[in-house]
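Geometric and topological summary
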Amino acid sequence: MMQTNAIAWPAPAKLNLFLHINGRRTDGYHELQTLFIFLDHCDWLRFHTNNSNQVTIEPALADVPQEQNLIYRAAMLLKQHSAAPLGVMIELDKRLPMGGGIGGGSSDAATTLVALNHLWQIHLPIDELAELGRQLGADVPVFVRGHAAFAEGVGEQLQPVEIEEKWYLVLVPPSHVSTAAVFQHPDLKRDTPKQQWHELQQGDWHNDCEPLVKKNYPEVEKALRWLIEYAPSRMTGTGACVFAEFEHEAHAREILALMPTWLHGFVARGKNLSPLHVALQQVYA
């Protein structure tokens, strides 16, 4: 078996290829329909396990107390399933933007659950891991389960799907969008009719959060206005990142090379199977 402590475990980005909001529930949560895919662009985490009974993360995230860090909270949730003095020092190589709508924090939490479940030899089944993930955030279970999915309900009803693995150019505007603020806003569009997956596959995909975010975050609107000159474009999640889809990597990289200096961006391949689960398969090989 590989020296698992030496492995860099991927925490991949995700895109919402569409995000339709169908209504608001009495508990304040929203009914939605969305399509999650993974990208081969990732944060990377290394787990150095020990018997210290402590969880530490290096480097610390700026402006995020350790107790609020989803990585720390994921490790502490998992620790409750063992009486042993389990400890770990986690090295985080942070490459995904915070507040970008590509799942950076949720993905980091999921990778922590999946990796430490293996390294600490807790061996919880995937359904239990996903349930732990749900306690940390609505997007964490899809990262734990590791397959492209059509999601319904409040995002917890996941149907694995296979879609064509295309190339994506993702732009990162200099904005941090609060998911909570978007979903609480009175002007959010909340009335897209529900459709069956087979109907949605034929339809015109959109993101119901996009008009509101463009109105309140000028950099997001500016990024979309630039990118849409080259390809059909839309926002992922609650933003701030925006993306366009391409058949060929070279075309996406041509557009990336033209990107204005006030933006950041990257090109990545869409993946039905999460890079995290590819790594997990290699560990068990």
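Whatever comes next refers back to the structure up there.
Residues numbered from 1 in each chain as written. Predicted model: local features only at pLDDT ≥ 70, side-chain atom pairs only at ≥ 80, totals over all residues. Heavy atoms only, no water.

**Focus on the overall build of the protein**
Each helix and strand in the protein was counted, giving 10 helices and 10 strands. In the protein, buried positions account for 52% of the 285 residues. Counting contacts in the protein only where the partners sit at least 6 residues apart, residues at least 24 apart contribute 77% of the total. In the form shown here, the protein has an accessible surface area of approximately 13200 Å², with 50% of it arising from carbon and sulfur atoms. (Helix = DSSP H or I, 4+ residues; strand = E, 2+ residues; numbered from the N terminus. Buried < 20%, exposed > 50% of the residue type's maximum accessible area, 1.4 Å probe, protein only. Contact = heavy atoms within 4.5 Å. Areas by Shrake-Rupley, 256 points an atom, 1.4 Å probe, with all protein chains shown as cover.)

**Notes on the nonpolar core**
Counting 43 residues, the largest nonpolar core has Trp9, Phe47, Leu78, Leu113 and Trp120 as the members making the most contacts within it. Looking at this core, the element that brings in the most residues is helix 2 (residues 104-119), giving 7 residues. Setting aside residues no more than four positions away along its own chain, Trp120 makes contact with Thr49, Val55, Ala75, Leu78, Lys79, Leu86, Gly87 and Val88. Membership of the second largest hydrophobic core comes to 29 residues, among which are Cys209, Leu212, Ala252 and Ile255. (Core = buried A, V, L, I, M, F, W, Y, C linked by side-chain atoms within 4.5 Å.)

**What about helix 1 (residues 70-79)?**
The element helix 1 is largely enclosed, with a buried count of 7 among its 10 residues. In this structure, the buried residues of helix 1 make contact with strand 2 (30-50), strand 3 (55-58), strand 4 (87-93), helix 2 and helix 3 (126-136). Residue Asn69 occupies the N-cap position of helix 1, its side-chain oxygen lying 2.8 Å from the main-chain nitrogen of Ile71. (Polar contact = N/O pair within 3.5 Å; in protein donor to acceptor, adjacent residues only side chain to side chain.)

**A look at the pattern of salt bridges**
Inspection of the entire model under this criterion finds 16 salt bridges. In this structure, Glu31 engages Arg25 in a salt bridge whose closest nitrogen and oxygen atoms are separated by 3.8 Å. Residue Arg25 is classed as partly exposed on the basis of its relative accessible area of 30%. Here Lys166 ties to Glu247 by a salt bridge, and the two come within 3.1 Å at their closest N and O atoms. Highlighted residues: Lys166 in the loop between strand 6 (157-160) and strand 7 (167-172) and Glu247 in the loop between strand 9 (242-246) and helix 9 (249-257), separated in sequence by 81 residues. Its relative accessible area of 17% is what places Lys166 among the buried residues. Within the structure, one salt-bridge network assembled from shared partners comprises Arg25, Asp27, Glu31 and Lys194. (Salt bridge = Lys/Arg side-chain N within 4 Å of Asp/Glu carboxyl O.)

**Some details on the environment of Lys94**
In this fold, Lys94 is placed in the loop between strand 4 and helix 2. Since its relative accessible area comes to 27%, Lys94 is described here as partly exposed. The residues touching Lys94, leaving out its near neighbours within four places in the chain, are Asp43, Leu61, Gly104, Gly105 and Asp108. Reaching out from Lys94, the side chain makes a polar contact with the side chain of Asp108 at a distance of 3.1 Å.

**Things to note about the state of the cysteines**
Inspection of the entire model under this criterion finds 0 disulfides. Free cysteine: Cys209, not disulfide-bonded; nearest cysteine sulfur from Cys241 at 14 Å. (Disulfide = S-S within 2.5 Å.)

**Quick notes on the layout of surface pockets**
Reported here for the largest pocket is a volume of approximately 1500 Å³. Ser106, Gly137, Ala138, Asp139 and Thr179 are, among the 49 residues lining the largest pocket, the residues nearest its centre. At the level of elements, strand 1 (8-24), strand 2, helix 1, helix 2, helix 3 and helix 5 (179-184) are the ones that each hand at least two residues to the lining of the largest pocket. Within the lining of the largest pocket, the residues separate by chemical class into 18 nonpolar, 22 polar and 9 charged. Each pocket or cavity is described by its volume, and for the second largest pocket that value is around 150 Å³. Along its surface, the second largest pocket is lined by Val114, Asn117, His118, His123, Leu124, Ile126, Leu129, His277, Leu280 and Tyr284. Those elements that place two or more of their residues in the lining of the second largest pocket are helix 2, helix 3 and helix 10 (275-284). When grouped by side-chain class, the residues that make up the lining of the second largest pocket number 6 nonpolar, 4 polar and no charged. (1 Å grid on protein atoms, 1.4 Å probe; cavity = no way out; pocket = protein on both sides within 12 Å on 5 of 7 lines; lining within 4 Å. Points joined across faces, edges and corners; volume = space filled by probe spheres on them. Nonpolar A, V, L, I, M, F, W, Y, C, P; charged D, E, K, R; others polar.)

**Section: the packing of helix 2 against helix 10**
Relative orientation of the contacting elements helix 2 and helix 10 amounts to 10°, with a least axis distance of 11 Å. In this view, helix 2 runs roughly parallel relative to helix 10, as classed from their interaxial angle. Counted together, Ala110, Thr111, Val114 and His118 of helix 2 and Leu276, Leu280, Val283 and Tyr284 of helix 10 form the full contact between these two elements. Across the contact of helix 2 with helix 10, the residue classes break down as 6 nonpolar, 2 polar and no charged. (Axes fitted to C-alpha atoms, helices over the stretch in contact; angles between N-to-C directions. Parallel < 35°, antiparallel > 145°, perpendicular 65-115°, else oblique.)

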